[in-house]
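In case you want the letters, here they are:
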Amino acid sequence: MAIPRHMSGFPAWITWLTVHIFFLIGFRNRVAVFAAWVWTYFTFTRGARLITGDQRLPAGKTSRCRPG
């Protein structure tokens, strides 16, 4: 059976959920994240996804990777 190239709807959502939970390290982390997702799903609350503070690098630092 071939894997479909495009998924949508509920099966895609369940697949995404399963893959992300699977790649977490540790059973406690998996349970905690799953519980948080279930709580958020049923209570319709949104977490604050804010990046605060100064995002500039200190003087003389670059974000490029140096070959080593």
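Below or above, wherever it landed, is the structure these notes cover.

Cut-offs used in this document
- Residues numbered from 1 in each chain as written.
- Predicted model: local features only at pLDDT ≥ 70, side-chain atom pairs only at ≥ 80, totals over all residues.
- Heavy atoms only, no water.
- Helix = DSSP H or I, 4+ residues; strand = E, 2+ residues; numbered from the N terminus.
- Expected span 1.5 Å × (residues − 1).
- Axes fitted to C-alpha atoms, helices over the stretch in contact; angles between N-to-C directions.
- Parallel < 35°, antiparallel > 145°, perpendicular 65-115°, else oblique.
- Contact = heavy atoms within 4.5 Å.
- Phe/Tyr/Trp six-rings, centres within 6.5 Å; stacked < 30°, edge-to-face > 60°.
- Buried < 20%, exposed > 50% of the residue type's maximum accessible area, 1.4 Å probe, protein only.
- Patch = residues over 30% accessible without salt bridge, like charges linked within 9 Å, V, L, I, M, F, W, Y side chains within 5 Å.
- Areas by Shrake-Rupley, 256 points an atom, 1.4 Å probe, with all protein chains shown as cover.
- Salt bridge = Lys/Arg side-chain N within 4 Å of Asp/Glu carboxyl O.

1. Details of helix 2 (residues 27-43)
- With 17 residues, helix 2 should reach 24 Å at 1.5 Å per residue; the first-to-last C-alpha distance of 24 Å fits that figure.
- Among the residues trailing helix 2, Phe44 stands out with phi positive, at a value near 60°.

2. Remarks on the packing of helix 1 (residues 9-22) against helix 2
- Packing of helix 1 against helix 2 brings their axes to within 9 Å, and their N-to-C directions diverge by 150°. When the axes of helix 1 and helix 2 are compared, the pair comes out roughly antiparallel. Judged by residue contacts, Trp13, Trp16, Leu17, His20, Ile21 and Phe22 of helix 1 engage Arg30, Val33, Phe34, Trp37 and Tyr41 from helix 2.

3. What about the packing of aromatic side chains?
- Inspection of the entire model under this criterion finds five aromatic pairs.
- Judged by centre distance (5.3 Å) and plane angle (25°), the rings of Trp16 and Trp37 are stacked. Taken as a pair, Trp16 in helix 1 and Trp37 in helix 2 lie far apart in primary sequence, 21 residues in all.
- Accessibility expressed as a relative area gives 29% for Trp37, which makes it partly exposed.

4. Points about a nonpolar patch on the surface
- A cluster of nonpolar side chains, Phe10, Trp13, Ile14, Trp16, Phe34, Val38, Tyr41 and Phe42, forms an exposed patch at the surface whose accessible area comes to about 860 Å².
- Among the elements of the structure, helix 1 and helix 2 are those that each provide at least two residues to the nonpolar patch.
- Inspection of the secondary structure puts Tyr41 in helix 2.

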